[in-house]
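The chain contents come next:
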Amino acid sequence: MIINPKNGVDQLLFGMKQNHVEAIYGKPSKQFKDEDGNVIYHYNAQKISVTFYEDENYRLGYIACSNPEATILGNNVIGKNVESIKADLPFKSWSVEDFDSFENHFNESNWLILQTEYDIVIRVEIGAIIKDSDEFDWKFKG
């Protein structure tokens, strides 16, 4: 499962609609709306969660992945030490947020979060990039 910062995960591209994602993965294992009205699909088999932004006509804008096969630029990430992963990636600017039992290591230029527990990456989150004009840089053109 290849995580492509700024673009999506595997065949999923930022900007897709729900029917496009369902054509790839089928119906989600679980579906709900968050407090902002966004639609979230969970796919248990793939260990992936996708968010369709309500205020963007339900386009795919955010992906969270816990799949043990997930890679970023050829590096396996889930279950690995966060500092060694960050050292292997070309992204040098990271901020860290501490949430008691876990931490988020955030690279803003790629809208990439490495979520850790005990310094081990347990989840990767990526979001669509916002261009200078305050509009999303949608990768899916269909």
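Look a little higher up for the structure.
What this report covers is the structure whose coordinates are included nearby.

What counts, and at which threshold
- Residues numbered from 1 in each chain as written.
- Predicted model: local features only at pLDDT ≥ 70, side-chain atom pairs only at ≥ 80, totals over all residues.
- Heavy atoms only, no water.
- Pairing = 2+ DSSP bridges.
- Helix = DSSP H or I, 4+ residues; strand = E, 2+ residues; numbered from the N terminus.
- 1 Å grid on protein atoms, 1.4 Å probe; cavity = no way out; pocket = protein on both sides within 12 Å on 5 of 7 lines; lining within 4 Å.
- Points joined across faces, edges and corners; volume = space filled by probe spheres on them.
- Nonpolar A, V, L, I, M, F, W, Y, C, P; charged D, E, K, R; others polar.
- Axes fitted to C-alpha atoms, helices over the stretch in contact; angles between N-to-C directions.
- Contact = heavy atoms within 4.5 Å.

## Here's the deal with the sheet that holds strand E3 (residues 12-13)
In space, the five strands of this open sheet follow the order E3-E2-E1-E8-E9, with mixed pairing throughout. A single partner strand is all that each edge strand has here, and the edge strands are E3 and strand E9 (75-76). Bridge count for strand E8 (residues 71-72) against E9 is two bridges, and the pairing is antiparallel. Note that in E9 the partner of Ile72 across the bridge is Asn75.

## Points about the layout of surface pockets
Approximately 160 Å³ is the volume attributed to the largest pocket. Surrounding the largest pocket, Tyr53, Gly61, Tyr62, Glu108, Trp111, Gly127, Ala128, Ile129, Ile130 and Phe136 form its lining. A per-class count over the lining of the largest pocket returns seven nonpolar, two polar and one charged.

## A closer look at the sheet that holds strand E13 (residues 120-127)
A sheet is described by the order of its strands in space; here eight strands give the open sequence E4-E5-E6-E7-E13-E12-E11-E10, paired in antiparallel fashion. Looking along the sheet, the strands with just one partner apiece sit at the ends: strand E4 (30-33) and strand E10 (95-99). Geometrically, the sheet is characterised by an average inter-axis angle of 20 degrees between neighbouring strands, direction not taken into account. Pairing analysis gives five bridges linking strand E5 (residues 39-43) to strand E6 (residues 48-53), with the strands arranged antiparallel. Across the sheet, residue Tyr41 finds its bridge partner in E6, namely Val50. Across the sheet, helix H1 (residues 18-25) touches E4, E5, E6 and strand E7 (59-65), and the angle it forms with E5 is around 5 degrees.

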